[in-house]
Structure formats: structure tokens, C-alpha cells
Amino acid sequence: QKEVEQDPGPLSVPEGAIVSLNCTYSNSAFQYFMWYRQYSRKGPELLMYTYSSGNKEDGRFTAQVDKSSKYISLFIRDSQPSDSATYLCAMSARAGNMLTFGGGTRLMVKP
Amino acid sequence: GAVVSQHPSWVICKSGTSVKIECRSLDFQATTMFWYRQFPKQSLMLMATSNEGSKATYEQGVEKDKFLINHASLTLSTLTVTSAHPEDSSFYICSARDSITGGGYTFGSGTRLTVV
């Protein structure tokens, strides 16, 4: 079993839909959680960075962390075709430590 | 926000030659940088941790003599693929984190290496 599990998709939604992306993990030591967006043949772009449990909102993006369930989510409101990409969750036990990545979820937003 | 510049963005080289990839943190200092390799439609695979002023730490299965890492300053790390072979063809990506302010890791734009 992988340390971080993420549904590979693809997830196809119509433009304007609310997208929910999720990861589960097994290591209870993880405290720092990140979401990255990666377009084809590009490096990952940091979308959200959170520490411990709770919610964080930035524009159309909301990140949720539930450490008791070892479950994190990224919500995208009013999804746009330009949001079509692969979304990677990543986490670490300490700030500055190496990241453990999920396998990525491919999202397609259709006009 | 933090910017990591990676160069070159793509390179084609002949089998047996060496290729150097640079990773620079443009507006912050990074005592640690990470090097990843990514195959098509797969997630990132950590190759090594680059530490400023000291030897890099390699992940299991990564040949340190083949993938030479140098982190000579707080803003620059280099990965040299020595005696490249076609199986080394891949997408290489570096990442760095601001050592002073913290926060998430910023990734470079990646380098697509093709060995012919």
C-alpha cells in the first residue's frame, strides 16, 4: 500500500462545476500538506500550503485537512477549461523535509 | 512569490555524453533543494536531496556516480547526468524552499532530456 493514495482519474467535469480532489494517507506524522497543479511538460505549481487540520481558502481554491481521518481535499469552484491539468497532493512530517506525493489526479474541464 | 529557474528546459544529447541541468532560486535562499525524475503519466520520483555546502543524499537505487549533484551556493544546485544513455531520457525537475520564510516547495519548470 502506498503511503499517499490519490485517484488517478481522469475526472471530467463541465465548465463551472465544483471539483473535489482527494488524497488519503497512512503516516500520522504528516503535518504539512500541499496541493500542486501540473500542466503537461511543465513543473508543478504550488496551489495551497496548509499546516495541520483545518480549512484554507485562496480565490477559487479551498484546501481541507482532516488529520483524524488522514484525508485531505482540494475544492475548485467555478472550474474553468484552464484548470485542466494533473493535480498532485504532497505532504511531509516536518517543514523542510522531503515531500511524499500522491500519484496525481488528471482533471479535464470541458467548455 | 518564490521563483525557481531551471535550465535548460529541454536538451538532446548523444549517448555517452554528459548533460548539466541548473536549478536556481531567484529571490530566496535555499539550503536544501530536491531533484526529481518524472516519467510520462507518472508522479514525481525523488532522486536526491541537495544540501548546500555538503554532499547530496541519494535515494535508494539512484546511482550517485551517474547523477552528480553540486550545491555550491544558497541559490544554485546542479545535476549532471554523466555518460548518458537512452534509458536516462526523462523529465527532470528540481524544487526548493525558502530557508528563511518557509512555506511550500516551489518547483522549477523542468528539463526534458532526450538521449539519442
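Read on for an overview of the structure. (Residues numbered from 1 in each chain as written. Chains lettered and ligands numbered in written order. Predicted model: local features only at pLDDT ≥ 70, side-chain atom pairs only at ≥ 80, totals over all residues. Heavy atoms only, no water.)

**What to know about the sheet that holds strand E8 (residues 76-81) of chain B**
Residue and element names in this part refer to chain B.
- Overall, antiparallel pairing links the four strands, which are arranged E1-E3-E8-E7 in an open sheet. Of all strands in the sheet, those bounded by a partner on one side alone are strand E1 (4-7) and strand E7 (67-73). Across the sheet, the mean angle separating the axes of adjacent strands is 15° when strand polarity is ignored.
- In this structure, strand E3 (residues 19-25) lies alongside E8, joined through six bridges in antiparallel fashion. What sits directly across from Val 19, in E8, is Val 81. (Pairing = 2+ DSSP bridges. Helix = DSSP H or I, 4+ residues; strand = E, 2+ residues; numbered from the N terminus. Axes fitted to C-alpha atoms, helices over the stretch in contact; angles between N-to-C directions.)

**Description of the layout of surface pockets**
- There is about 680 Å³ of room inside the largest pocket.
- For the largest pocket, the lining is made up of 27 residues, of which Thr86(A), Gln38(B), Pro40(B), Lys41(B) and Gln42(B) are closest to its centre.
- Listed by contribution, the elements that provide at least two residues to the lining of the largest pocket are strand E1 (4-5), strand E9 (85-92) and strand E11 (105-110) of chain A.
- The greatest single-element share of the lining of the largest pocket, amounting to three residues, is contributed by E9(A).
- In terms of residue class, the lining of the largest pocket is built from nine nonpolar, eleven polar and seven charged.
- Empty space within the second largest pocket amounts to approximately 370 Å³.
- Lining the second largest pocket are 19 residues, and of these Phe101(A), Gly102(A), Ser43(B), Leu44(B) and Met45(B) sit closest to its centre.
- Contributions of two or more residues to the lining of the second largest pocket are made by strand E10 (100-101) of chain A together with strand E4 (32-38) and strand E5 (44-51) of chain B. (1 Å grid on protein atoms, 1.4 Å probe; cavity = no way out; pocket = protein on both sides within 12 Å on 5 of 7 lines; lining within 4 Å. Points joined across faces, edges and corners; volume = space filled by probe spheres on them. Nonpolar A, V, L, I, M, F, W, Y, C, P; charged D, E, K, R; others polar.)

**Description of the interface of chain A and chain B**
- Opposite the 18 residues of chain A that make contact, chain B presents 18 residues.
- Surface buried jointly by chain A and chain B totals about 1,400 Å² across both partners, of which 60% is contributed by carbon and sulfur atoms.
- A per-residue breakdown of the area chain A buries against chain B is headed by Arg41(A), Met98(A) and Phe101(A), which together make up 31% of the total.
- Remark: the boundary between chain A and chain B carries zero salt bridges.
- Among the elements of the structure, strand E4 (32-38) and strand E5 (45-51) of chain A are those that each provide at least two residues to the side of chain A that touches chain B.
- By residue number, the principal contributor to the side of chain A that touches chain B is E4(A), which donates three residues. (Contact = heavy atoms within 4.5 Å. Buried area = accessible area lost by both parts, 1.4 Å probe. Salt bridge = Lys/Arg side-chain N within 4 Å of Asp/Glu carboxyl O.)

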